[in-house]
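# Summary of the model geometry
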Number of protein chains: 2
Amino acid sequence: MSRRRVTLADLAEAAGVSRTTASLVMTGRGRELRISHDVEQRVLRAADELGYRPNAVSVGLRTGTTRTIGFVSDTVATSHLAGDMIKGALEAARERGVMLFIGESEGDPELERGLLHAMQDRQVDGIILAAMFTRTIKVPKDIGPAVLLNALPRPASGLPSIVPDEIEAGRSAARVLLDAGHHDEVYVIGAGPTLQDVPADSVAAVERLIGIRETGLKIAGARVCPDWQPEHGLAATRALLADHRPRALICLNDRVAIGAYQALAEAGLSVPGDVSVVSFDDHPIASWMWPKLTTVALPHYELGRKAVEVLFAQMAGEVEPGQVFRVPMPVRHRESVVARA
Amino acid sequence: MSRRRVTLADLAEAAGVSRTTASLVMTGRGRELRISHDVEQRVLRAADELGYRPNAVSVGLRTGTTRTIGFVSDTVATSHLAGDMIKGALEAARERGVMLFIGESEGDPELERGLLHAMQDRQVDGIILAAMFTRTIKVPKDIGPAVLLNALPRPASGLPSIVPDEIEAGRSAARVLLDAGHHDEVYVIGAGPTLQDVPADSVAAVERLIGIRETGLKIAGARVCPDWQPEHGLAATRALLADHRPRALICLNDRVAIGAYQALAEAGLSVPGDVSVVSFDDHPIASWMWPKLTTVALPHYELGRKAVEVLFAQMAGEVEPGQVFRVPMPVRHRESVVARA
DNA sequence: CTGTTAGCGCATTCAG
DNA sequence: CTGAATGCGCTAACAG
């Protein structure tokens, strides 16, 4: 018994007014055009009884605006926590009565073009172009209103960017150790000691290192990992332990830290009793490890939120061309760092 | 210099034909209506040069079909791997030239209604109603073409369901142990031994238990967890080890297994040397643990894929009312099970 | 204060 | 084989 959708014409007829009047009332412009209170109530009541809801497709065609935005990312599969970016965007969108199209390009420019087109053809009001790992991207031409999420444009494109504040995160991590009284025998696992010793294309690595070094914390040494995976963290830490005796480790992300924990355990070293560990990302496992890992969180949820906020601000002309927004990375103090006398 | 979108009228003019002709050619119906090859080529060329792409909003209004489907789930935040369901749906949708709206209801029925409306107002062709943990859900009325993903309707609604085959997964887990020669001292962590001893609302728990018991594997004992979190797995396994000496553990999911690993390590027991461990879910961490965890995978990606396949099959009238599709859960053989003499 | 008219971009009868 | 006319559902000038 599912009924045909009720249209504005149905509403108008039921309320005994013209379509224009019905439209005016429904769009809330009845007041200013001084439509009689009486008529207004009649229309509102009829709308309620009939369960009238405007056909958004028609409105979109007519007004050119669809209250819909597109979210296209390269990959979400590898980094499961990145889903929180979508969640943040989703909520911010919902608060504005906007829906989200999502698409994944798998890093394939051809596919990306296709997705962008499919969205533009559906008249999205704007686009969020997201990367799952912070990096630079080439912005497609004619993309229309858009923001870059977790990415910087190269070459410059005038689009605003939202990125985690990795440099400040580096400082935060170092400060956690400094505040705990760690001044010596602090080693970095995952990259360093120079800014050249980093995994390929990792802006996170270089910015985190920069931040760490800015605090003046003395780095006793570092081990690069070709990739930030647990086994590499394990190998790097094992290698380090072969001829050094760290009192603290800064792991460049949580997966590396998993490996470090394992290597430490193998060497009979306890965390944080013998060695304090700080890390980055706040991957869900960070709070599943024993002891729970103190880490500087990637603010995925906030990033996603900010992206839609900036997108709308931009459409309202409130943002500078090329402006970049850095979202703070909060420290999650847990159990892997202990104060040294 | 971003140009106005080129419309069908522009195309027609450029090709020197009527809008009708242009439309016919572009929709591929030129052939059957015997439009001259010459004219056809002219239109096609013009379309290519102008970069003509039909305005999907207009097509949607005109035809009533938008090549868009809605994906609304309760929560994706807690279970990060569930993002793979979206990924599967996304790819299957893309293969069909369909876009996906996504929305999260946070389990709030009011919010869910709102999302559903927002999607229906945008004339989606169908809806995927997803749950992040397999469970039963009440299907909203007037939902239109829809499928249930990772959920069963209660009461019955006639909608098709896609769920993981948890019972067979239970059998698989038990068989892994049986095949490895485990016949005694096998304990279950997370639920059991009866079907009443399960975390609230967990269909996975009861179905996994059913499957395990069907194989005839002798269960020496079991420990329930109020919730499948690492700390509960840890506590349950500690309690078990206080007065039992297991040779194998079936953990009801990977997070529980993390806790079990820890408890085993504390007790000086090695995996798999002293104790074999099988689990469920194939959470990303399963392959980060040492030794790598053998587990029966939740086929999130496949579930998402299947959902859009079934949705389309259903719209084509190819599925029985209320039909339920069980997606196999594959065993990931890794390093936590060893053969017993 | 309200109704008439037009048109967003497209697909589709119906005549030539 | 092709063009003129219609309408999807809605908003917005413009009159009354």
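For the structure, see preceding data.
Residues numbered from 1 in each chain as written. Chains lettered and ligands numbered in written order. Predicted model: local features only at pLDDT ≥ 70, side-chain atom pairs only at ≥ 80, totals over all residues. Heavy atoms only, no water.

The secondary structure content of chain A amounts to 11 helices and 12 strands. The C-alpha radius of gyration computed for chain A amounts to 26 Å, which surpasses the reference 20 Å derived for 341 residues by more than 25%, pointing to a less compact arrangement than a globule. Expressed as lengths along the three principal axes of its C-alpha atoms, the size of chain A is roughly 90 × 40 × 40 Å. Counting over 341 residues, chain A shows a buried share of 54%. For chain A, the computed accessible surface area is about 14,800 Å², with 51% contributed by carbon and sulfur atoms. Here chain A holds 38 positive side-chain charges and 42 negative ones, and the gap between their average locations is 5 Å. (Helix = DSSP H or I, 4+ residues; strand = E, 2+ residues; numbered from the N terminus. Rg over C-alpha atoms; globule rule 2.2 N^0.38 Å. Buried < 20%, exposed > 50% of the residue type's maximum accessible area, 1.4 Å probe, protein only. Areas by Shrake-Rupley, 256 points an atom, 1.4 Å probe, with all protein chains shown as cover. Lys, Arg positive; Asp, Glu negative; His and termini not counted. Charge placed at Lys NZ, Arg CZ, Asp CG, Glu CD.)

In this section: the protein's contact with DNA strand C. For DNA strand C, the set of nearby residues contains 25 residues, the closest of which are Thr20 and Arg62 of chain A together with Leu8, Ser58 and Arg62 of chain B. Of all DNA strand C atoms lying within 4 Å of any protein atom, the proportion belonging to sugar or phosphate reaches 58%. Thr20 of chain B places a side-chain nitrogen or oxygen 3.2 Å from a base oxygen of DNA strand C. Tyr52 of chain B is positioned with one of its side-chain polar atoms (N or O) 3.0 Å from a phosphate oxygen of DNA strand C. Of all the elements in the fold, those that place two or more residues in the surface near DNA strand C are helix 2 (19–26) and helix 4 (56–63) of chain A together with helix 2 (19–26) and helix 4 (56–63) of chain B. At 4 residues, the largest contribution of residues to the surface near DNA strand C is made by helix 4 of chain B. Residues of the surface near DNA strand C, tallied by class, amount to 9 nonpolar, 11 polar and 5 charged. (Near = heavy atom within 4 Å. Polar contact = N/O pair within 3.5 Å; in protein donor to acceptor, adjacent residues only side chain to side chain. Nonpolar A, V, L, I, M, F, W, Y, C, P; charged D, E, K, R; others polar.)

This part takes up the relation of the copies chain B and chain A. Each copy superposes on the other: chain B lies on chain A with an RMSD of 0.1 Å after a rotation of 180 degrees and an axial shift of 0.0 Å. In short, the pair behaves as if placed about a two-fold rotation axis. For chain B, the residue whose C-alpha comes nearest the rotation axis is Phe101 of chain B, separated from it by 2.3 Å. The residues that chain B uses at the interface reappear at the interface of chain A in 100% of cases, marking a shared surface. (Least-squares fit on C-alpha atoms with pLDDT ≥ 70 in both. Contact = heavy atoms within 4.5 Å.)

Moving on, we come to helix 6 (residues 109–121) of chain A. Helix length check: helix 6 of chain A (13 residues) gives 18 Å between terminal C-alpha atoms against 18 Å at 1.5 Å per residue, within 8%. Taken as a whole, helix 6 of chain A has its buried residues at Leu111, Glu112, Leu115, Leu116, Ala118, Met119, Gln120 and Asp121 of chain A. Of the surrounding secondary structure, the elements contacted by the buried residues of helix 6 of chain A are strand 1 (68–73), strand 2 (99–104) and strand 3 (126–137) of chain A together with helix 4, helix 5 (83–95) and strand 2 (99–104) of chain B. Capping the start of helix 6 of chain A is the job of one residue whose side-chain oxygen sits 2.7 Å from the backbone nitrogen of Glu110 of chain A: Asp108 of chain A. Backbone geometry just after helix 6 of chain A places Gln123 of chain A at a positive phi near 60 degrees. (Expected span 1.5 Å × (residues − 1).)

All names here are of chain B. In this model helix 9 (residues 230–243) runs 21 Å from its N-terminal to its C-terminal C-alpha over 14 residues, within 8% of the 20 Å that 1.5 Å per residue would give. Of the residues making up helix 9, those classed as buried are Pro230, Gly233, Leu234, Ala236, Thr237, Leu240 and Leu241. Against the buried residues of helix 9 lie strand 6 (186–190), strand 7 (221–224), strand 8 (248–251) and helix 10 (254–266).

All names here are of chain B. If you trace the backbone, Thr134 turns up in strand 3 (residues 126–137). At 2.5 Å, the side chain of Thr134 and the side chain of Asn150 are in polar contact. Sequence-distant contacts of Thr134, that is, excluding residues within four places in its chain, are made with Asn150, Val163, Pro164, Glu166, Asp201 and Val203.

Another aspect to go through is unusual backbone geometry. Residue and element names in this part refer to chain A. The omega torsion across Val271 and Pro272 is 0 degrees, close enough to zero to call that bond cis. Following the sequence through the fold, Pro272 ends up in the loop between helix 10 (254–266) and strand 9 (276–281). Residues other than glycine seldom take positive phi values, yet Asp201 does so here, at roughly 60 degrees. Residue placement: Asp201 occurs in the loop between strand 6 (186–190) and helix 8 (203–214).

Take the interface of chain B and chain A next. Note on interface size: it is often stated as the accessible area lost on association of the parts. Taken residue by residue, the interface counts 53 residues in chain B and 53 residues in chain A. Across the interface of chain B and chain A, roughly 4,600 Å² is buried in total on both sides, 65% from carbon and sulfur atoms. Among the residues chain B hides against chain A, the three largest losses belong to Met99, Trp288 and Trp290 of chain B. Together they make up 16% of the total. At the junction of chain B with chain A, the criterion picks out 8 salt bridges. (Buried area = accessible area lost by both parts, 1.4 Å probe. Salt bridge = Lys/Arg side-chain N within 4 Å of Asp/Glu carboxyl O.)

Turning our attention to the environment of Gly211 of chain B. Residue and element names in this part refer to chain B. Within the secondary structure, Gly211 sits in helix 8 (residues 203–214). Given the relative accessible area of 0%, Gly211 is considered buried. The sequence separation of Gly211 and Ala82 amounts to 129 residues, and the corresponding C-alpha distance is 23 Å. Gly211 has contacts with Ile167, Gly170 and Arg171, leaving out every residue within four places of it along the chain.

All names here are of chain A. In this structure, the largest pocket encloses a volume near 1,200 Å³. Lining the largest pocket are 40 residues, and of these His117, Gln120, Lys141, Asp142 and Ile143 lie nearest its centre. Residue composition of the lining of the largest pocket, grouped by class: 13 nonpolar, 12 polar and 15 charged. (1 Å grid on protein atoms, 1.4 Å probe; cavity = no way out; pocket = protein on both sides within 12 Å on 5 of 7 lines; lining within 4 Å. Points joined across faces, edges and corners; volume = space filled by probe spheres on them.)

Quick look at the sheet that holds strand 6 of chain B now. Residues and elements named next belong to chain B. Strand order in the open sheet formed by 6 strands is 7-6-8-9-10-12, and the pairing between neighbours is mixed. Among the strands making up the open sheet, the edge pair consists of strand 7 and strand 12 (331–332). For strand 9 (residues 276–281) and strand 10 (residues 294–297), the ladder comprises 4 bridges, and the chain directions are parallel. If you follow Val278 over to strand 10, its bridge partner there is Thr294. Against the sheet, helix 7 (residues 166–179) makes contact with strand 6, strand 8, strand 9, strand 10 and strand 12, and its axis sits at roughly 165 degrees relative to strand 9, the strand it touches most. (Pairing = 2+ DSSP bridges. Axes fitted to C-alpha atoms, helices over the stretch in contact; angles between N-to-C directions.)

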